[in-house]
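Fold and contact review
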Amino acid sequence: MTDAAWLTVPDFADRLGTTPSKVREMLREGELLAVRRGERQTIQVPAGVIVDGERGPEVLATLRGTLTLLRDAGMDDAEAAEWLLADEPELGMAPLDALREGRRAHVRRIAQSLL
């Protein structure tokens, strides 16, 4: 797994200004991805999926559709996280960084090639 910043569910909830139960609901509904990490194998979410929205911090809007494509390609959350956070030669950066820059179509075109 890459060296990207990761947050536990309670820390992720604090950053978003919501509750841990809401974050767990977002995980169940496929809006987020999480991986068991660290010495204690806690559930953690990549911090980079949080962006500044009009009303404060929010989850990157294009994440859910991209996760759907990756899951359709047979990836579990750990594999999807690895793909999103690793440098992608065609993009010249990690797919998550490209999504944060608004390059949704290019990222999803690459993700669809994985199907």
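Here's what I pulled together on the structure shown here. (Residues numbered from 1 in each chain as written. Predicted model: local features only at pLDDT ≥ 70, side-chain atom pairs only at ≥ 80, totals over all residues. Heavy atoms only, no water.)

To continue, consider the pattern of salt bridges. As enumerated under the stated definition, the model contains four salt bridges in all. Salt-bridge contacts for Arg64 lead to Glu31; the nearest nitrogen and oxygen are separated by 3.5 Å. Here the residue Arg64 occupies a position in helix 3 (residues 63–72), and Glu31 occupies one in the loop between helix 2 (20–28) and strand 2 (35–37), the gap between them amounting to 33 residues. Judged by its relative accessible area of 39%, Arg64 falls in the partly exposed class. Its salt-bridge partner being Arg71, residue Asp77 comes within 2.9 Å of it at the nearest N-O pair. With relative accessibility at 22%, the residue Asp77 sits in the partly exposed group. Residue classification places Arg71 among the partly exposed residues on the basis of a relative accessible area of 27%. (Salt bridge = Lys/Arg side-chain N within 4 Å of Asp/Glu carboxyl O. Helix = DSSP H or I, 4+ residues; strand = E, 2+ residues; numbered from the N terminus. Buried < 20%, exposed > 50% of the residue type's maximum accessible area, 1.4 Å probe, protein only.)

At a minimum axis distance of 9 Å, the contact between helix 3 and helix 6 (residues 104–112) shows a crossing angle of 10°. Put simply, helix 3 runs roughly parallel to helix 6. In contact with Gly65, Thr66, Leu69 and Leu70 of helix 3, helix 6 contributes Val107, Arg108, Ala111 and Gln112. For the contact of helix 3 with helix 6, the residue count by class is four nonpolar, three polar and one charged. (Axes fitted to C-alpha atoms, helices over the stretch in contact; angles between N-to-C directions. Parallel < 35°, antiparallel > 145°, perpendicular 65-115°, else oblique. Contact = heavy atoms within 4.5 Å. Nonpolar A, V, L, I, M, F, W, Y, C, P; charged D, E, K, R; others polar.)

Turning to the packing of helix 3 against helix 4 (residues 77–85), a few remarks are in order. As a packed pair, helix 3 and helix 4 sit with axes 10 Å apart at the nearest point and diverge in direction by 120°. Where helix 3 crosses over helix 4, the handedness of that crossing is right-handed. Listed contacts from helix 4 to Leu63, Thr66, Leu67, Leu70 and Arg71 of helix 3 are Asp77, Ala80, Trp83 and Leu84. Classifying every residue of the contact of helix 3 with helix 4 by side-chain character gives six nonpolar, one polar and two charged. (Left-handed = near helix turned anticlockwise from the far one by under 90°.)

With respect to the helices and strands, Ala81 occurs in helix 4. A relative accessible area of 1% places Ala81 in the buried class.

Relative to the helices and strands, Thr18 resides in the loop between helix 1 (9–16) and helix 2. Aside from chain neighbours lying at most four places away, what touches Thr18 is Ala13 and Val23.

What follows is about the pairing of strand 5 (residues 56–59). Where strand 4 (residues 50–53) meets strand 5, four bridges bridge the pair, whose relative direction is antiparallel. Note on strand 5: the bridge partner recorded for Gly53 is Gly56. Hairpin connection between strand 4 and strand 5: a loop of two residues separates the two successive antiparallel strands. (Pairing = 2+ DSSP bridges.)

A few words now on the nonpolar core. Among the nonpolar cores identified, the biggest contains 37 residues, and Phe12, Leu32, Leu63, Trp83 and Leu84 are the most heavily contacted of them. Take this core: its biggest share by element is five residues, from helix 4. (Core = buried A, V, L, I, M, F, W, Y, C linked by side-chain atoms within 4.5 Å.)

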